[in-house]
Amino acid sequence: MGCVIAGGGPAGAVLALILARAGVEVTLLEKHGDFLRDFRGDTIHPSTLQVLDELGLAKDFLKLPHHKAYGLSFVTDAGEITMANLRGMPGKYDYIAFVPQWDFLELITSAARRYPGFRLLMNAEAYDLIREDGAVRGLRYRDPSGDHEIRADLTVAADGRTSTLRARAGLVPEDLDAPMDVVWFRLPRYETDREDPFLRISGGHMMVAINRGTYWQLAYLIPKGGYDDLVRGGIDALRGPVAELMPWLGDRVGEIGGYDDVSVLTVALNRLRRWHRPGLLCIGDAAHAMSPVFGVGINLAVQDAVAAANLLAGSLRSGAPIPESTLHLVQRRRMFPTRFTQAAQRVVQNRVIRPALSRSFNPPRLPRDLARLPLVNRLARRFIGHGVRPEHVTVDEI
């Protein structure tokens, strides 16, 4: 019966592709009718670029409209500080590629469609699990035609940080606390603007700017649960801080016509203590919601997918029962990278973001170019570029 995966995000799509190319019967469910949703993460780090290369998709990926960033920096009132320079780092890819997530997902699912065992169901929302003899044997979903069932040897919950299947399995994540939410919006970008993405920090305000070619995708950080207060202050409560943080955008903030032009992301930082039940595995945000800090959410999700495929494809292809102890091997392999990354995110949240949003932030006195310190740059670019325990595709194509 193969595998059924709920959730057509990066984790679910990459897992489905690797399993399908390994000869596994796999069905991927996406609850929306397309992948076109604004303000989804779009940072593809070297670790994910390497996975795409191993899957033979790197050339096609690089044909997509994208912007390459070779460094990370933040701008304070005192000036700009370069945190990491990725140029020349070990490996084939020494940059972060910014690509709209819908293009990334279309690339992955189009590649998966080449394999006869792959099936993609759009407008298909998983809402419950099928249980028999104490194990999960598939899922129930609804689409415009009604309710349906899919039976499978393995059911994978890759349905995001508010995972329905995770809840149906009685798995509750441990909340690790996030002090902020994010207001996403866009403003026009001029050719004379700078190229690289950056973080702007000033007492009481923080904003991330991502170059999308013809426009800036901007993320304005607000205190956790503070969106209603922002809205009550009127649209100038947003326009004003943007113009203050980035005066060169001051003549464009009028493009934010109202709060209908923005999207709010409720930030979560959490993880499951147990990622599985008999017949069920959680990966990606369903197993661990990541903070936007470092922009590594997509890459952790892809690494989960690769690890799961490497460990499970053989059993799924043969139709052999998959004991829960094997599912635990996926969690065991991916838990340390998850813990380490979330610990680093919490340090930034507690030492930088929380005080900055409370207006009590005093920027540390740091060298303007931290990337010139060899040890600092080596550690920073290794962590940002490849992460902890990067995964490689070891499953052969059938």
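Right above here is the structure, for reference.
Here is a short report on the structure shown in this document.

The rules we used
- Residues numbered from 1 in each chain as written.
- Predicted model: local features only at pLDDT ≥ 70, side-chain atom pairs only at ≥ 80, totals over all residues.
- Heavy atoms only, no water.
- Helix = DSSP H or I, 4+ residues; strand = E, 2+ residues; numbered from the N terminus.
- Rg over C-alpha atoms; globule rule 2.2 N^0.38 Å.
- Contact = heavy atoms within 4.5 Å.
- Areas by Shrake-Rupley, 256 points an atom, 1.4 Å probe, with all protein chains shown as cover.
- Buried < 20%, exposed > 50% of the residue type's maximum accessible area, 1.4 Å probe, protein only.
- Polar contact = N/O pair within 3.5 Å; in protein donor to acceptor, adjacent residues only side chain to side chain.
- Pairing = 2+ DSSP bridges.
- Axes fitted to C-alpha atoms, helices over the stretch in contact; angles between N-to-C directions.
- Salt bridge = Lys/Arg side-chain N within 4 Å of Asp/Glu carboxyl O.
- Parallel < 35°, antiparallel > 145°, perpendicular 65-115°, else oblique.
- Left-handed = near helix turned anticlockwise from the far one by under 90°.

### Observations regarding the overall build of the protein
Next, step 1: A count of helical and extended segments in the protein gives ten helices and 22 strands.
Next, step 2: By the compact-globule yardstick of 21 Å for 398 residues, the protein fits well, its C-alpha radius of gyration being 21 Å.
Next, step 3: The C-alpha extent of the protein, read off along each of the three principal axes, is 60 × 45 × 35 Å.
Next, step 4: A separation of at least 24 residues holds for 74% of the contacts in the protein among residues at least 6 apart in sequence.
Next, step 5: In the form shown here, the protein has an accessible surface area of approximately 17100 Å², with 51% of it arising from carbon and sulfur atoms.

### Focus on the side chain of Ser202
Next, step 1: When you line up the elements, Ser202 lands in strand β15 (residues 198-202).
Next, step 2: Since its relative accessible area comes to 13%, Ser202 is described here as buried.
Next, step 3: Polar side-chain contacts of Ser202 include one of 3.0 Å to the side chain of Asp77.
Next, step 4: What Ser202 contacts, discounting residues up to four positions off in sequence, is Asp77, Leu245 and Ala356.

### A short note on the sheet that holds strand β12 (residues 154-157)
Next, step 1: Pairing is mixed in the open sheet, where six strands are placed in the order β8-β2-β1-β12-β21-β20. Either end of the sheet is taken by a strand with one partner, and the two such strands are β8 (118-121) and β20 (276-277).
Next, step 2: Pairing of strand β1 (residues 3-6) with strand β2 (residues 26-29), which is carried by four bridges, proceeds in the parallel orientation. Along β2, the bridge assignment pairs Cys3 with Val26.
Next, step 3: The sheet contacts of helix α1 (residues 10-21) involve β1, β2, β8 and β12, and relative to β2 the element is tilted by about 165 degrees.

### Side note on the pattern of salt bridges
Next, step 1: Applying the stated criterion across every chain yields a total of 23 salt bridges.
Next, step 2: Arg200 is paired through a salt bridge with Asp77; the nearest N and O atoms lie 2.8 Å apart. One end of the pair, Arg200, is in strand β15; the other, Asp77, is in the loop between β5 (71-76) and β6 (79-85), and 123 residues separate them in sequence.
Next, step 3: Judged by relative accessible area, Asp77 falls into the exposed class, the value being 57%.
Next, step 4: As a salt-bridge pair, Asp285 and Arg161 come within 3.7 Å of each other at their nearest N and O atoms. Note that Asp285 is positioned in the loop between β21 (280-282) and β22 (288-289) and Arg161 in the loop between β12 and α5 (164-168), a separation of 124 residues in sequence.
Next, step 5: Here Arg161 falls in the partly exposed class, since its relative accessible area comes to 23%.
Next, step 6: Three or more residues are tied together by salt bridges with common partners; here these are Asp304, Arg333, Arg334 and Glu391.

### Quick word on the environment of Leu28
Next, step 1: Tracing the chain through its elements places Leu28 in strand β2.
Next, step 2: For Leu28, a relative accessible area of 0% puts it in the buried group.
Next, step 3: Not counting the four nearest positions on each side in its chain, Leu28 is found in contact with Ile5, Gly7, Gly8, Gly12, Ala13, Ala16, Thr109, Phe118, Arg119, Leu120 and Leu121.

### Regarding the packing of helix α8 (residues 297-318) against helix α9 (residues 324-357)
Next, step 1: Interaxial distance between α8 and α9 falls to 9 Å at its minimum, and their mutual angle equals 155 degrees. The pairing of α8 with α9 is recorded here as roughly antiparallel in orientation. Seen from above, α8 lies across α9 with right-handed handedness. Only Thr326, Leu327, Leu329, Val330, Arg333, Arg334, Pro337 and Thr341 of α9 make contact with α8, whose side of the interface consists of Leu300, Gln303, Asp304, Ala307, Ala308, Leu311 and Leu312.

### Structural notes on unusual backbone geometry
Next, step 1: A positive phi angle, close to 75 degrees, is found at Asp177, a residue other than glycine.
Next, step 2: The exposure class of Asp177 is partly exposed, given its relative accessible area of 38%.
Next, step 3: We note that Phe294 has phi near 75 degrees; this positive angle belongs to a residue other than glycine.

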